[in-house]
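What follows is the residue order along each chain.
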Amino acid sequence: QLATNALRDAVLAFFEGRFGRSERMAQTAQEVPALAGTAALVAARAAHRLQEFGRRDAWLNRVSDDASLQQALLMTRAELAVEERRAESAIEALTAMQAGGARHLYAQRVALRAYEQAGNWSAVLRTLRSLDKRDALHPTVSMRLRITAHTSVFDAATDDLALVRRLWNDVAERDRQVTAIADAAARAFARAGDRDAACRIIEAVLEQEWSSRLGAQYARIEGVAPRDRLARAEQWRARYPTESGLLLLLGELCLLEKLWGKAREYLTQALRFAPGSAPIHGALARLHEALGDSALAAEHWRASAMASAESASGSRGVGLSMSSPIGAPVVAPAIDA
(Lines give C-alpha, C1' and ligand atoms only; values in the text may rest on other atoms or scores of the structure.)
Protein backbone atom coordinates (compact mmCIF):
# COMPACT_ATOMS: atom_id res chain seq x y z
CA GLN A 1 0.00 0.00 0.00
CA LEU A 2 2.89 2.38 0.80
CA ALA A 3 4.38 1.94 -2.69
CA THR A 4 1.01 2.42 -4.37
CA ASN A 5 0.44 5.63 -2.45
CA ALA A 6 3.97 6.77 -3.31
CA LEU A 7 3.36 6.22 -7.02
CA ARG A 8 0.09 8.12 -6.79
CA ASP A 9 1.84 10.98 -4.97
CA ALA A 10 4.68 10.93 -7.53
CA VAL A 11 2.21 11.41 -10.39
CA LEU A 12 0.27 14.08 -8.52
CA ALA A 13 3.44 15.98 -7.60
CA PHE A 14 4.57 15.84 -11.23
CA PHE A 15 1.35 17.47 -12.42
CA GLU A 16 1.70 20.05 -9.67
CA GLY A 17 5.14 20.93 -10.96
CA ARG A 18 6.84 19.67 -7.77
CA PHE A 19 9.40 17.63 -9.64
CA GLY A 20 11.82 17.01 -6.79
CA ARG A 21 9.04 15.52 -4.66
CA SER A 22 7.79 13.55 -7.65
CA GLU A 23 11.18 11.93 -8.10
CA ARG A 24 11.47 11.12 -4.38
CA MET A 25 8.04 9.51 -4.29
CA ALA A 26 8.87 7.50 -7.40
CA GLN A 27 11.96 6.26 -5.61
CA THR A 28 9.80 5.04 -2.72
CA ALA A 29 7.53 3.20 -5.18
CA GLN A 30 10.52 1.15 -6.34
CA GLU A 31 9.94 -1.16 -3.36
CA VAL A 32 7.20 -3.00 -5.27
CA PRO A 33 8.53 -4.65 -8.46
CA ALA A 34 5.16 -4.39 -10.23
CA LEU A 35 5.22 -0.61 -9.81
CA ALA A 36 8.94 -0.03 -10.20
CA GLY A 37 9.00 0.39 -13.97
CA THR A 38 6.10 2.83 -14.13
CA ALA A 39 7.55 4.79 -11.23
CA ALA A 40 10.93 4.93 -12.98
CA LEU A 41 9.33 6.54 -16.04
CA VAL A 42 7.64 9.14 -13.85
CA ALA A 43 10.95 9.78 -12.09
CA ALA A 44 12.74 10.13 -15.41
CA ARG A 45 10.31 12.82 -16.56
CA ALA A 46 10.62 14.62 -13.23
CA ALA A 47 14.42 14.54 -13.40
CA HIS A 48 14.23 15.88 -16.95
CA ARG A 49 12.16 18.84 -15.76
CA LEU A 50 14.82 19.47 -13.13
CA GLN A 51 17.44 19.32 -15.92
CA GLU A 52 19.12 16.47 -14.09
CA PHE A 53 19.84 14.62 -17.29
CA GLY A 54 22.22 12.10 -15.79
CA ARG A 55 19.58 10.97 -13.29
CA ARG A 56 16.97 11.00 -16.03
CA ASP A 57 18.99 8.62 -18.17
CA ALA A 58 19.69 6.39 -15.19
CA TRP A 59 15.95 6.09 -14.51
CA LEU A 60 15.26 5.27 -18.16
CA ASN A 61 17.97 2.63 -18.19
CA ARG A 62 16.23 0.86 -15.31
CA VAL A 63 13.36 -0.14 -17.58
CA SER A 64 15.32 -0.79 -20.78
CA ASP A 65 14.94 -4.59 -20.39
CA ASP A 66 11.25 -4.58 -19.45
CA ALA A 67 9.39 -5.68 -22.58
CA SER A 68 6.03 -4.58 -21.20
CA LEU A 69 7.26 -0.98 -20.94
CA GLN A 70 9.09 -0.66 -24.26
CA GLN A 71 6.48 1.47 -26.00
CA ALA A 72 6.22 3.80 -23.01
CA LEU A 73 10.01 3.98 -22.77
CA LEU A 74 10.45 4.79 -26.45
CA MET A 75 7.69 7.41 -26.34
CA THR A 76 9.35 9.01 -23.34
CA ARG A 77 12.77 8.97 -25.00
CA ALA A 78 11.31 10.54 -28.15
CA GLU A 79 9.43 13.29 -26.31
CA LEU A 80 12.35 14.26 -24.12
CA ALA A 81 14.76 14.21 -27.07
CA VAL A 82 12.49 16.56 -29.02
CA GLU A 83 12.36 18.91 -26.05
CA GLU A 84 16.18 18.98 -26.07
CA ARG A 85 16.20 19.34 -29.88
CA ARG A 86 18.03 16.04 -30.28
CA ALA A 87 16.07 15.26 -33.40
CA GLU A 88 18.02 12.21 -34.53
CA SER A 89 17.62 10.52 -31.14
CA ALA A 90 13.90 11.23 -31.23
CA ILE A 91 13.57 9.83 -34.73
CA GLU A 92 15.50 6.71 -33.72
CA ALA A 93 13.10 6.09 -30.83
CA LEU A 94 10.04 6.74 -32.97
CA THR A 95 11.30 4.44 -35.71
CA ALA A 96 11.67 1.68 -33.13
CA MET A 97 8.11 2.37 -31.94
CA GLN A 98 6.76 2.10 -35.47
CA ALA A 99 8.65 -1.15 -35.97
CA GLY A 100 6.70 -2.43 -32.99
CA GLY A 101 3.44 -1.46 -34.65
CA ALA A 102 2.78 1.81 -32.83
CA ARG A 103 1.48 4.52 -35.17
CA HIS A 104 -0.88 6.38 -32.87
CA LEU A 105 -1.73 10.03 -33.26
CA TYR A 106 0.44 11.49 -30.54
CA ALA A 107 3.50 9.62 -31.79
CA GLN A 108 2.95 11.14 -35.21
CA ARG A 109 2.76 14.62 -33.72
CA VAL A 110 6.04 14.09 -31.87
CA ALA A 111 7.54 12.71 -35.08
CA LEU A 112 6.42 15.82 -36.92
CA ARG A 113 8.35 18.02 -34.49
CA ALA A 114 11.42 15.80 -34.76
CA TYR A 115 11.40 15.83 -38.57
CA GLU A 116 10.97 19.61 -38.53
CA GLN A 117 13.94 20.00 -36.20
CA ALA A 118 16.01 17.70 -38.40
CA GLY A 119 15.06 19.60 -41.55
CA ASN A 120 13.70 16.40 -43.09
CA TRP A 121 11.03 18.20 -45.08
CA SER A 122 9.93 15.23 -47.15
CA ALA A 123 9.14 13.36 -43.93
CA VAL A 124 7.38 16.45 -42.60
CA LEU A 125 5.11 16.46 -45.65
CA ARG A 126 4.35 12.74 -45.34
CA THR A 127 3.48 13.12 -41.67
CA LEU A 128 1.41 16.23 -42.30
CA ARG A 129 -0.68 14.40 -44.89
CA SER A 130 -1.47 11.71 -42.35
CA LEU A 131 -2.28 14.17 -39.56
CA ASP A 132 -4.39 16.40 -41.79
CA LYS A 133 -6.57 13.45 -42.75
CA ARG A 134 -7.44 13.13 -39.07
CA ASP A 135 -7.80 16.88 -38.44
CA ALA A 136 -5.07 16.49 -35.83
CA LEU A 137 -3.46 19.90 -36.30
CA HIS A 138 -4.77 23.44 -36.18
CA PRO A 139 -5.20 24.61 -39.80
CA THR A 140 -2.86 27.57 -39.25
CA VAL A 141 -0.11 25.33 -37.90
CA SER A 142 -0.57 22.87 -40.72
CA MET A 143 -0.42 25.62 -43.34
CA ARG A 144 2.73 27.12 -41.85
CA LEU A 145 4.47 23.76 -41.92
CA ARG A 146 3.28 22.94 -45.44
CA ILE A 147 4.63 26.23 -46.73
CA THR A 148 7.99 25.74 -45.01
CA ALA A 149 8.29 22.13 -46.13
CA HIS A 150 7.25 22.64 -49.74
CA THR A 151 9.43 25.73 -50.23
CA SER A 152 12.39 23.95 -48.63
CA VAL A 153 12.20 20.90 -50.90
CA PHE A 154 11.80 23.08 -53.99
CA ASP A 155 14.69 25.33 -52.95
CA ALA A 156 16.87 22.25 -52.45
CA ALA A 157 16.12 20.93 -55.94
CA THR A 158 18.75 22.00 -58.48
CA ASP A 159 18.49 21.18 -62.19
CA ASP A 160 16.76 17.81 -61.82
CA LEU A 161 13.58 18.43 -63.81
CA ALA A 162 12.14 14.97 -63.10
CA LEU A 163 12.52 15.58 -59.36
CA VAL A 164 10.91 19.02 -59.59
CA ARG A 165 7.95 17.54 -61.44
CA ARG A 166 7.55 14.84 -58.79
CA LEU A 167 7.65 17.45 -56.06
CA TRP A 168 5.01 19.54 -57.84
CA ASN A 169 2.78 16.49 -58.35
CA ASP A 170 2.90 15.96 -54.58
CA VAL A 171 1.54 19.45 -53.91
CA ALA A 172 -2.17 19.38 -53.14
CA GLU A 173 -4.41 21.51 -55.35
CA ARG A 174 -5.30 23.79 -52.43
CA ASP A 175 -1.61 24.51 -51.82
CA ARG A 176 -0.81 25.32 -55.44
CA GLN A 177 -2.61 28.62 -54.94
CA VAL A 178 -0.40 29.58 -51.99
CA THR A 179 1.94 32.35 -53.11
CA ALA A 180 5.06 31.14 -51.30
CA ILE A 181 4.68 27.57 -52.57
CA ALA A 182 3.93 28.65 -56.15
CA ASP A 183 6.89 31.03 -56.04
CA ALA A 184 9.31 28.31 -54.90
CA ALA A 185 7.94 25.82 -57.42
CA ALA A 186 8.16 28.27 -60.33
CA ARG A 187 11.76 29.13 -59.44
CA ALA A 188 12.59 25.42 -59.27
CA PHE A 189 11.06 24.75 -62.70
CA ALA A 190 12.89 27.73 -64.16
CA ARG A 191 16.24 26.50 -62.75
CA ALA A 192 15.56 23.03 -64.15
CA GLY A 193 14.84 24.44 -67.61
CA ASP A 194 11.04 24.17 -67.86
CA ARG A 195 10.21 27.87 -67.97
CA ASP A 196 6.83 27.28 -69.57
CA ALA A 197 5.80 25.31 -66.49
CA ALA A 198 7.08 28.13 -64.29
CA CYS A 199 4.86 30.57 -66.19
CA ARG A 200 1.81 28.32 -65.93
CA ILE A 201 2.22 27.96 -62.18
CA ILE A 202 2.40 31.73 -61.70
CA GLU A 203 -0.43 32.43 -64.11
CA ALA A 204 -2.75 30.02 -62.28
CA VAL A 205 -2.30 32.00 -59.06
CA LEU A 206 -2.48 35.44 -60.63
CA GLU A 207 -5.72 34.51 -62.36
CA GLN A 208 -7.28 34.24 -58.90
CA GLU A 209 -5.41 36.79 -56.80
CA TRP A 210 -2.74 39.38 -57.43
CA SER A 211 0.69 38.83 -55.89
CA SER A 212 3.48 41.34 -56.40
CA ARG A 213 5.97 38.64 -55.47
CA LEU A 214 4.79 36.38 -58.28
CA GLY A 215 4.37 39.31 -60.65
CA ALA A 216 8.03 40.20 -60.14
CA GLN A 217 9.11 36.65 -60.87
CA TYR A 218 6.86 36.48 -63.93
CA ALA A 219 8.63 39.50 -65.39
CA ARG A 220 12.06 37.96 -64.79
CA ILE A 221 11.48 34.54 -66.37
CA GLU A 222 13.86 34.09 -69.29
CA GLY A 223 13.31 31.87 -72.28
CA VAL A 224 9.60 32.68 -72.66
CA ALA A 225 8.69 35.38 -75.16
CA PRO A 226 7.91 38.66 -73.35
CA ARG A 227 5.15 39.36 -75.87
CA ASP A 228 3.32 36.18 -74.84
CA ARG A 229 3.57 37.11 -71.16
CA LEU A 230 2.52 40.66 -71.99
CA ALA A 231 -0.62 39.46 -73.75
CA ARG A 232 -1.51 37.31 -70.76
CA ALA A 233 -0.81 40.07 -68.23
CA GLU A 234 -2.92 42.57 -70.16
CA GLN A 235 -5.91 40.28 -69.61
CA TRP A 236 -5.57 40.91 -65.87
CA ARG A 237 -6.06 44.67 -66.16
CA ALA A 238 -9.82 44.40 -65.75
CA ARG A 239 -9.41 42.26 -62.64
CA TYR A 240 -6.76 44.46 -60.97
CA PRO A 241 -7.31 47.96 -62.45
CA THR A 242 -5.53 49.90 -59.68
CA GLU A 243 -2.79 47.41 -58.84
CA SER A 244 0.54 49.21 -59.21
CA GLY A 245 2.39 45.89 -59.23
CA LEU A 246 0.53 44.71 -62.32
CA LEU A 247 1.20 48.02 -64.07
CA LEU A 248 4.87 47.67 -63.20
CA LEU A 249 4.86 44.13 -64.61
CA LEU A 250 3.28 45.38 -67.84
CA GLY A 251 5.81 48.18 -68.07
CA GLU A 252 8.73 45.80 -67.53
CA LEU A 253 7.47 43.44 -70.23
CA CYS A 254 7.04 46.36 -72.61
CA LEU A 255 10.64 47.37 -71.91
CA LEU A 256 11.79 43.88 -72.87
CA GLU A 257 9.81 44.15 -76.10
CA LYS A 258 11.11 47.70 -76.71
CA LEU A 259 7.55 49.04 -76.73
CA TRP A 260 8.71 52.34 -75.32
CA GLY A 261 5.42 54.25 -75.52
CA LYS A 262 3.39 51.53 -73.86
CA ALA A 263 6.09 51.06 -71.25
CA ARG A 264 5.97 54.76 -70.38
CA GLU A 265 2.17 54.68 -70.20
CA TYR A 266 2.07 51.71 -67.84
CA LEU A 267 4.92 52.88 -65.63
CA THR A 268 3.51 56.39 -65.34
CA GLN A 269 0.17 54.95 -64.25
CA ALA A 270 1.93 52.67 -61.79
CA LEU A 271 3.75 55.63 -60.26
CA ARG A 272 0.47 57.45 -59.71
CA PHE A 273 -0.81 54.56 -57.60
CA ALA A 274 2.53 54.01 -55.80
CA PRO A 275 4.54 57.25 -55.90
CA GLY A 276 7.13 55.99 -53.42
CA SER A 277 8.01 52.78 -55.25
CA ALA A 278 11.72 52.22 -55.82
CA PRO A 279 11.14 49.50 -58.47
CA ILE A 280 8.83 51.73 -60.50
CA HIS A 281 11.30 54.62 -60.40
CA GLY A 282 14.02 52.18 -61.41
CA ALA A 283 12.01 50.94 -64.37
CA LEU A 284 11.32 54.53 -65.47
CA ALA A 285 15.03 55.30 -65.17
CA ARG A 286 15.86 52.41 -67.48
CA LEU A 287 13.17 53.52 -69.91
CA HIS A 288 14.61 57.03 -70.14
CA GLU A 289 18.13 55.65 -70.50
CA ALA A 290 16.87 53.62 -73.44
CA LEU A 291 15.39 56.79 -74.91
CA GLY A 292 18.60 58.72 -74.40
CA ASP A 293 17.17 61.13 -71.80
CA SER A 294 19.95 60.99 -69.24
CA ALA A 295 18.57 63.84 -67.12
CA LEU A 296 15.20 62.17 -66.52
CA ALA A 297 16.92 58.82 -66.03
CA ALA A 298 19.16 60.31 -63.33
CA GLU A 299 16.14 61.88 -61.64
CA HIS A 300 14.38 58.53 -61.42
CA TRP A 301 17.55 56.74 -60.29
CA ARG A 302 17.83 59.22 -57.43
CA ALA A 303 14.17 58.73 -56.50
CA SER A 304 14.64 54.96 -56.61
CA ALA A 305 17.69 55.13 -54.37
CA MET A 306 15.94 57.36 -51.86
CA ALA A 307 12.89 55.09 -51.75
CA SER A 308 15.11 52.04 -51.26
CA ALA A 309 16.96 53.76 -48.42
CA GLU A 310 13.71 54.71 -46.71
CA SER A 311 12.41 51.16 -47.06
CA ALA A 312 15.64 49.72 -45.65
CA SER A 313 15.43 52.01 -42.63
CA GLY A 314 11.94 50.80 -41.80
CA SER A 315 9.91 53.49 -43.52
CA ARG A 316 6.77 52.57 -45.33
CA GLY A 317 7.45 51.10 -48.76
CA VAL A 318 5.03 50.58 -51.61
CA GLY A 319 5.19 48.49 -54.76
CA LEU A 320 6.98 45.41 -56.00
CA SER A 321 10.19 44.10 -54.54
CA MET A 322 11.79 44.08 -57.97
CA SER A 323 14.78 46.38 -57.66
CA SER A 324 17.18 44.59 -59.97
CA PRO A 325 17.09 45.47 -63.68
CA ILE A 326 15.35 43.05 -66.01
CA GLY A 327 17.65 43.00 -68.98
CA ALA A 328 19.93 45.76 -70.18
CA PRO A 329 18.17 48.72 -71.77
CA VAL A 330 18.58 49.23 -75.48
CA VAL A 331 18.70 52.77 -76.87
CA ALA A 332 15.80 53.33 -79.27
CA PRO A 333 15.64 55.96 -81.97
CA ALA A 334 11.95 56.69 -81.47
CA ILE A 335 8.89 55.94 -79.40
CA ASP A 336 6.28 53.64 -80.88
CA ALA A 337 2.88 55.05 -81.57
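Now for a description of the structure that goes with this document. (Residues numbered from 1 in each chain as written. Predicted model: local features only at pLDDT ≥ 70, side-chain atom pairs only at ≥ 80, totals over all residues. Heavy atoms only, no water.)

**Observations concerning the overall build of the protein chain**
1) Next: Each helix and strand counted, the protein chain has 18 helices and zero strands in total.
2) Next: Taking 337 residues into account, the globule formula puts the C-alpha radius of gyration at 20 Å, and the protein chain, at 30 Å, lies well above it.
3) Next: Of the accessible surface of the protein chain, which amounts to about 16900 Å², a share of 51% is contributed by carbon and sulfur atoms.
4) Next: Positive and negative side-chain charges of the protein chain, numbering 43 and 40 respectively, have mean locations separated by a distance of 3 Å. (Helix = DSSP H or I, 4+ residues; strand = E, 2+ residues; numbered from the N terminus. Rg over C-alpha atoms; globule rule 2.2 N^0.38 Å. Areas by Shrake-Rupley, 256 points an atom, 1.4 Å probe, with all protein chains shown as cover. Lys, Arg positive; Asp, Glu negative; His and termini not counted. Charge placed at Lys NZ, Arg CZ, Asp CG, Glu CD.)

**So, the packing of aromatic side chains**
1) Next: This structure, assessed with the given rule, holds five aromatic pairs.
2) Next: Relative to Trp-168, the ring of Phe-154 lies with its centre 6.4 Å away and its plane at 50 degrees, an arrangement referred to as tilted. One end of the pair, Phe-154, is in helix α9 (residues 139-156); the other, Trp-168, is in helix α10 (residues 161-169), and 14 residues separate them in sequence.
3) Next: Judged by relative accessible area, which is 0%, Phe-154 ranks as buried.
4) Next: Considering the side-chain rings of Tyr-218 and Trp-236, the 5.7 Å spacing of their centres and the 50 degrees angle between planes classify their relative orientation as tilted. Placement of the pair is Tyr-218 in helix α13 (residues 212-220) and Trp-236 in the loop between α14 (226-234) and α15 (244-256), with a sequence separation of 18 residues. Across the pair, Trp-236 and Tyr-218 agree in class, each one buried.
5) Next: Members of the aromatic cluster, each reached through a chain of ring pairs, are Phe-14, Phe-15 and Phe-19. (Phe/Tyr/Trp six-rings, centres within 6.5 Å; stacked < 30°, edge-to-face > 60°. Buried < 20%, exposed > 50% of the residue type's maximum accessible area, 1.4 Å probe, protein only.)

**Quick notes on the environment of Glu-92**
1) Next: Along the polypeptide, Glu-92 turns up in helix α6 (residues 87-99).
2) Next: In the structure, Glu-92 is positioned 141 residues away from Ala-233 in sequence and 51 Å away in space, judged by C-alpha atoms.

**Considering the nonpolar core**
1) Next: Leu-94, Phe-154, Trp-236, Leu-246 and Leu-249 are the most contacted members of the largest nonpolar core, which has 81 residues in total.
2) Next: Per-element accounting of this core gives the leading share, nine residues, to helix α11 (residues 179-192).
3) Next: Not counting residues within four places of it along the chain, the set of residues in contact with Leu-246 comprises Trp-210, Ala-233, Trp-236, Arg-237 and Tyr-240.
4) Next: Membership of the second largest hydrophobic core comes to 20 residues, among which are Leu-7, Ala-39, Ala-43 and Trp-59. (Core = buried A, V, L, I, M, F, W, Y, C linked by side-chain atoms within 4.5 Å. Contact = heavy atoms within 4.5 Å.)

**Thoughts on the packing of α9 against α11**
1) Next: Here α9 crosses α11 at 10 degrees, and the two axes come no closer than 9 Å. As far as their axial angle goes, α11 and α9 are roughly parallel. Here Arg-146, Ile-147, His-150, Thr-151, Phe-154 and Asp-155 of α9 come into contact with α11, specifically with Ala-180, Ile-181, Ala-184, Ala-185, Arg-187, Ala-188 and Arg-191. (Axes fitted to C-alpha atoms, helices over the stretch in contact; angles between N-to-C directions. Parallel < 35°, antiparallel > 145°, perpendicular 65-115°, else oblique.)

**Describing helix α7 (residues 105-118)**
1) Next: The end-to-end C-alpha distance of α7, which contains 14 residues, comes to 20 Å, matching closely the 20 Å that a straight helix rising 1.5 Å per residue would cover.
2) Next: What α7 keeps buried is the set Ala-107, Gln-108, Val-110, Ala-111, Leu-112, Ala-114 and Tyr-115.
3) Next: The elements touched by buried residues of α7 are α5 (70-83), α6, α8 (121-133) and α9.
4) Next: Following α7 by one or two positions, Gly-119 has its phi on the positive side, about 70 degrees. (Expected span 1.5 Å × (residues − 1).)

**As for the pattern of salt bridges**
1) Next: Per the stated rule, a full pass over the model turns up 24 salt bridges.
2) Next: Arg-18 serves as the salt-bridge partner of Glu-16, at 3.1 Å between the closest nitrogen and oxygen.
3) Next: You can call Glu-16 partly exposed: its relative accessible area is 45%.
4) Next: Residues Glu-79 and Arg-45 are paired through a salt bridge, measuring 2.5 Å at the closest nitrogen-oxygen approach. (Salt bridge = Lys/Arg side-chain N within 4 Å of Asp/Glu carboxyl O.)

**Here's the deal with the layout of surface pockets**
1) Next: When its volume is computed, the second largest pocket comes out at roughly 160 Å³.
2) Next: Lining the second largest pocket, in full, are Gln-98, Arg-103, Gln-108, Ala-111, Tyr-115, Ala-123, Arg-126, Thr-127 and Ser-130.
3) Next: Mapped onto the lining of the second largest pocket, the elements with two or more residues apiece are α7 and α8.
4) Next: The leading source of residues in the lining of the second largest pocket is α8, at four residues.
5) Next: Residue classes in the lining of the second largest pocket are distributed as three nonpolar, four polar and two charged. (1 Å grid on protein atoms, 1.4 Å probe; cavity = no way out; pocket = protein on both sides within 12 Å on 5 of 7 lines; lining within 4 Å. Points joined across faces, edges and corners; volume = space filled by probe spheres on them. Nonpolar A, V, L, I, M, F, W, Y, C, P; charged D, E, K, R; others polar.)

**Notes on the side chain of Gln-108**
1) Next: Along the chain, Gln-108 falls in helix α7.
2) Next: Judged by its relative accessible area of 14%, Gln-108 falls in the buried class.
3) Next: In this structure, Gln-108 is in contact with Arg-103, Thr-127, Ser-130, Leu-131 and Arg-134, ignoring residues within four places of it in sequence.

**A few points about helix α12 (residues 195-206)**
1) Next: With twelve residues, α12 extends 16 Å between its outermost C-alpha atoms, agreeing within 8% with the 16 Å of an ideal straight helix rising 1.5 Å per residue.
2) Next: Every buried residue belonging to α12 is among Ala-197, Ala-198, Cys-199, Ile-201, Ile-202, Glu-203, Val-205 and Leu-206, and all of these are buried.
3) Next: Residues of α12 that are buried sit in contact with α10, α11, α13 and α14.

**Points about the packing of α8 against α9**
Between two packed helices, both the angle of their axes relative to each other and the distance between the axes serve to describe the pair.
1) Next: Contact geometry of α8 with α9 gives a least axis separation of 9 Å together with a crossing angle of 150 degrees. Taken together, the axes of α8 and α9 are roughly antiparallel relative to one another. Of the two possible hands of crossing, α8 and α9 adopt the one that is left-handed. Taken together, the residues of α9 that come into contact with α8 (itself represented by Trp-121, Ser-122, Val-124, Leu-125, Leu-128 and Asp-132) are Ser-142, Leu-145, Arg-146, Thr-148, Ala-149, His-150, Ser-152 and Val-153. (Left-handed = near helix turned anticlockwise from the far one by under 90°.)

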